[in-house]
Amino acid sequence: MNAPVSLNIPGQKPVSGLGRLIYSLRHLSIGRWTVISLPSLWLAVFFFVPFLVVFKISLAEPTISIPPYSSLLEWDPEESFATLKLNLGNYIYLFEDTFYLEAYLSSIRIAAVSTFFTLLVAFPMAYLIARSKSTTRILLLSLVILPFWTSFLLRVYAWMGFLKKNGLINEFLLSFGIIDQPLTMLQTDFAVYIGIVYTYLPFMVLPLYTALEKMDITLLEAAEDLGGRPMQNFFLITLPLAIPGIIAGCLLVFIPAVGEYVIPALLGGSDTLMIGKVLWDEFFLNRDWPMASAVATVMLIVLVLPIMLIRNTNSGKEAF
Amino acid sequence: MQQRKSLFLNTSATLGFIFLYAPIIALIVYSFNKSKLVTVWGGWSLKWYSALFNNEQIMTAAWLSLKVAFISASVAVVLGTLAGFVLSRMGRFPGKLVLSGWITAPLVMPEVITGLSLLLLFVAMEGAFGWPSGRGIGTIIIAHSTFCLAYVAVIVQSRLSAMDESLEEAAMDLGAKPFSLFFLVTLPLISPAIISGWLLSFTLSLDDLVIASFVSGPGNSTLPMVIFSKVRLGVTPEVNALATIMIGIVALGVVGAIWQMRRQNRMMNRLD
């Protein structure tokens, strides 16, 4: 895809890096520049710069003012001298108070467990869709995509009606005499797992389906002819070939699940610790903007950046 | 052996589909419940639908959300199409790697971070240049356009990469200038990608709670924000009615899309 195409100007390209940069800058027409710079500038201003602002504010101190953080540059009018005041206190506090560390770890745990269960639920669905006839396939795929197009919040809300003490699951189990006391399911980590598996299921089914659909079915036939048993064939052929889809699906579920706010807020209990909720509370309840920024900065550096780097390696690229 | 395996597969896949649909179906059924208690069935009734349409707070928020989603999706489609085009048809240029990294980054960024960082940017900008003064519909639109742009760019880029360049090359050989080439040849060819990008952006914007909560000002609550606060406060049968209407609209859209796809398939078959 990197080969010079349609709109490229023909001519020899200098080899050295700097020479090439100057060359390409000179050979870009004004039209080309406008087209390239419009989306680039938008993303720079509204996507990249905001992280610098977050980092800057994470080094400030909370104050009672509007906006509620101290300025990093302090101007002394008498000496006409500015001093840079960096406050590392937020970061020190982040590591001193075990609350934050526990929140990071428990988010990772909850996200990992739910990702695993999402994979378990999604795999048979994706496999069935990939192996069905083309008309059934369109129907089943639409059935998977339909909930994805409906409101995320309302789907979480639907589970509240199911998991409540007097909700449908408890009513059902009680009426059949399977239990004699209603189970507490809402406001537990269990409800959070269900919520994540449920809302992120399409994100797992679709990449799995893509990987399984591309699979060469003759490989399985060959294995059968050679006397492979179904279990063997599954673990030695189907599963390895589905790995790009598995990686893609797991990342698509895991990353947003780590930062999830809505699901723990609605389905989780007061002891469900997730870092997205901690950030939200720090910002909206404690009104401590610098601390919320520090939480976000660490989350970005420790959780998001490594995953984004993995994604940009070759195997990751293939998967997405 | 083969038989038993497919039985296992069918059962587990069916359970998956039941898991996916049971809560939605329960929600729809209970939206017609006469009783205020969600678990007690009091007979069929449409009263929660009339309660919904008489709820001014929900209606105002729904109107705001529709406006925001419409404008955000349109802005995202323009910028996202440009970005997708730049990445797949512009050859090399300085900063291409950075741009392609930036475009996919919003797809995996946790919403709380995107929301927080945009709000802090808006506050800092207001302090520095006096714009945007306060937060409201404008800042929500900017935020939504930014994260939807990424989805549009990815869809357009993959469509362009899958597409044969020979039509564009032929047009160029016949003397088409870059602008007319883009508007008369490329754009019509990628229009399905642009339409699905717009629809996806519209839905994503309509659905967003977290980012909108950060970047909206007082008195500018979007529909998800109103639903969220209602759900947290307790039993709200109107929300069931609202959910049913939204699911109904989406289902109609999906059925329409399947029908369209089938018709196209039939026409293709006839041409063969």
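Each remark here, short or long, concerns the structure printed above.
Read on for a plain summary of the structure.

Parameters at a glance
- Residues numbered from 1 in each chain as written.
- Chains lettered and ligands numbered in written order.
- Predicted model: local features only at pLDDT ≥ 70, side-chain atom pairs only at ≥ 80, totals over all residues.
- Heavy atoms only, no water.
- Helix = DSSP H or I, 4+ residues; strand = E, 2+ residues; numbered from the N terminus.
- Buried < 20%, exposed > 50% of the residue type's maximum accessible area, 1.4 Å probe, protein only.
- Lys, Arg positive; Asp, Glu negative; His and termini not counted.
- Charge placed at Lys NZ, Arg CZ, Asp CG, Glu CD.
- Polar contact = N/O pair within 3.5 Å; in protein donor to acceptor, adjacent residues only side chain to side chain.
- Contact = heavy atoms within 4.5 Å.
- Phe/Tyr/Trp six-rings, centres within 6.5 Å; stacked < 30°, edge-to-face > 60°.
- Lys NZ or Arg CZ within 6 Å of the ring centre and 35° of its normal.
- Buried area = accessible area lost by both parts, 1.4 Å probe.
- Salt bridge = Lys/Arg side-chain N within 4 Å of Asp/Glu carboxyl O.
- Nonpolar A, V, L, I, M, F, W, Y, C, P; charged D, E, K, R; others polar.
- Core = buried A, V, L, I, M, F, W, Y, C linked by side-chain atoms within 4.5 Å.
- Patch = residues over 30% accessible without salt bridge, like charges linked within 9 Å, V, L, I, M, F, W, Y side chains within 5 Å.
- Areas by Shrake-Rupley, 256 points an atom, 1.4 Å probe, with all protein chains shown as cover.
- Expected span 1.5 Å × (residues − 1).
- Arc of directions from axis to C-beta.
- 1 Å grid on protein atoms, 1.4 Å probe; cavity = no way out; pocket = protein on both sides within 12 Å on 5 of 7 lines; lining within 4 Å.
- Points joined across faces, edges and corners; volume = space filled by probe spheres on them.
- Axes fitted to C-alpha atoms, helices over the stretch in contact; angles between N-to-C directions.
- Parallel < 35°, antiparallel > 145°, perpendicular 65-115°, else oblique.
- Left-handed = near helix turned anticlockwise from the far one by under 90°.

### Some points on the overall build of chain B
Logical step 1: Across its full length, chain B carries twelve helices and zero strands.
Logical step 2: Shown N-terminal to C-terminal, the secondary structure of chain B runs as helices and strands in the order α-α-α-α-α-α-α-α-α-α-α-α.
Logical step 3: By the burial criterion, 52% of the 272 residues in chain B qualify as buried.
Logical step 4: The positive charge centre, built from 18 side chains, and the negative charge centre, built from 12, are 11 Å apart in chain B.

### Side note on the side chain of Asn170 of chain A
Residues and elements named next belong to chain A.
Logical step 1: Within the secondary structure layout, Asn170 lies in helix α7 (residues 168-175).
Logical step 2: For Asn170, the side chain forms a polar contact with the main-chain oxygen of Lys164, separated by 3.1 Å.
Logical step 3: If we skip the residues at most four places from it in the chain, Asn170 touches Leu163, Lys164, Lys165, Ile179, Pro182, Leu183 and Met185.

### Quick word on the packing of aromatic side chains
Residues and elements named next belong to chain A.
Logical step 1: For the structure shown, the criterion picks out 32 aromatic pairs over all chains.
Logical step 2: Centre to centre, the rings of Tyr93 and Tyr100 are 6.0 Å apart; their planes meet at 65°, and the pair counts as edge-to-face.
Logical step 3: The ring of Tyr127 is capped by Arg131, whose NZ or CZ atom sits 5.0 Å from the centre of that ring.

### Some details on the interface of chain A and chain B
Where the parts come together, the accessible area they lose is often given as the size of the interface.
Logical step 1: Taken together, the 90 residues of chain A in the interface contact 87 residues of chain B.
Logical step 2: Interface area, chain A with chain B, both sides summed: about 8600 Å², of which 81% is carbon and sulfur.
Logical step 3: Inspection of the region where chain A meets chain B yields zero salt bridges.
Logical step 4: Scanning the region where chain A abuts chain B turns up six residue pairs in polar contact (both at pLDDT 80 or more).
Logical step 5: For the side of chain A that touches chain B, a count of residues per class yields 69 nonpolar, 14 polar and seven charged.

### What to know about the nonpolar core
Logical step 1: Residues Tyr104, Val262 and Leu267 of chain A together with Phe214 of chain B are the most contacted members of the largest nonpolar core, which totals 179 residues.
Logical step 2: Among the elements that line this core, the one with the most residues is helix α4 (residues 98-130) of chain A, at 14 residues.
Logical step 3: Contact partners of Tyr104 of chain A, with chain neighbours within four places excluded, come to Leu94, Ile275, Ala294, Val295, Val298, Met299 and Leu303 of chain A.

### Topic: the pattern of salt bridges
Logical step 1: Inspection of the entire model under this criterion finds four salt bridges over all chains.
Logical step 2: Between Arg137 of chain A and Glu213 of chain A there is a salt bridge, with the nearest N and O atoms lying 3.2 Å from each other. In this pair, Arg137 of chain A sits in helix α5 (residues 134-149) while Glu213 of chain A sits in helix α8 (residues 189-214), placing the two residues 76 residues apart along the sequence.
Logical step 3: When the shortest N-O distance is used, the salt bridge between Glu168 of chain B and Arg89 of chain B registers 3.1 Å. On the criterion of sequence distance, the pair formed by Glu168 of chain B in helix α7 (residues 166-173) and Arg89 of chain B in helix α3 (residues 56-89) is long-range, its members being 79 residues apart.
Logical step 4: Relative accessible area serves as the criterion here: at 3%, Glu168 of chain B is assigned to the buried category.
Logical step 5: Here the salt bridges do not stand alone but share partners, grouping Arg89, Glu165 and Glu168 of chain B into one network.

### Topic: a nonpolar patch on the surface
Logical step 1: Where nonpolar side chains cluster on the molecular surface, the patch consists of Ile25, Val29, Trp41 and Trp44 of chain B and spans about 420 Å² of accessible area.
Logical step 2: For Trp44 of chain B, the location among the structural elements is in the loop between α1 (2-30) and α2 (47-53).

### Here we look at α3 of chain B
Residue and element names in this part refer to chain B.
Logical step 1: End to end, α3 covers 48 Å across 34 residues, agreeing with the expected 50 Å (1.5 Å per residue, within 8%).
Logical step 2: Its side-chain oxygen 3.1 Å from the backbone nitrogen of Gln57, Asn55 forms the N-cap of α3.
Logical step 3: In the stretch just after α3, Gly91 is the one whose phi turns positive, near 65°.

### Quick word on helix α8 (residues 178-189) of chain B
In an α-helix there are 3.6 residues to a turn, and that puts residues three or four apart on one side.
Residue and element names in this part refer to chain B.
Logical step 1: Counted at 1.5 Å a residue, the expected span for α8 with its twelve residues is 16 Å, and the 15 Å between its end C-alpha atoms agrees.
Logical step 2: Listing the buried residues of α8 in full gives Leu181, Phe182, Val185 and Thr186. Buried residues of α8 fall within an arc of 125° about the axis and therefore sit on the same side. Counted as exposed and oriented over 90 degrees from the buried face of α8: Phe179 and Leu184.
Logical step 3: On its buried side, α8 packs onto α3, α6 (137-162) and α7.

### Regarding empty space enclosed by the protein
Logical step 1: Tallied over the full model, the rule gives five cavities of 30 Å³ or more.
Logical step 2: Roughly 60 Å³ of volume is contained in the second largest cavity.
Logical step 3: Around the second largest cavity, the lining residues are Thr150, Ser151, Leu154, Arg155 and Ala158 of chain A together with Ile24, Leu27, Met246 and Ile247 of chain B.
Logical step 4: Of all the secondary structure elements, the ones that give two or more residues to the lining of the second largest cavity are α6 (152-163) of chain A together with α1 and α12 (237-271) of chain B.
Logical step 5: If one sorts the elements of the lining of the second largest cavity by residue count, α6 of chain A sits on top with three residues.
Logical step 6: Looking at side-chain class alone, the lining of the second largest cavity contains six nonpolar, two polar and one charged residues.

### Here's the deal with the packing of α3 of chain B against helix α4 (residues 96-108) of chain B
Residue and element names in this part refer to chain B.
Logical step 1: Contact pair α3 / α4: the axes reach a minimum separation of 11 Å and the direction vectors enclose 135°. Comparing their axes, α4 and α3 come out oblique. As for how α3 packs across α4, the hand of that crossing is left-handed. Residue-level contacts link Ala83, Val86 and Leu87 of α3 to Lys96, Leu99, Ser100 and Ile103 of α4.
Logical step 2: Here the residues of the contact of α3 with α4 are counted per class, giving five nonpolar, one polar and one charged.

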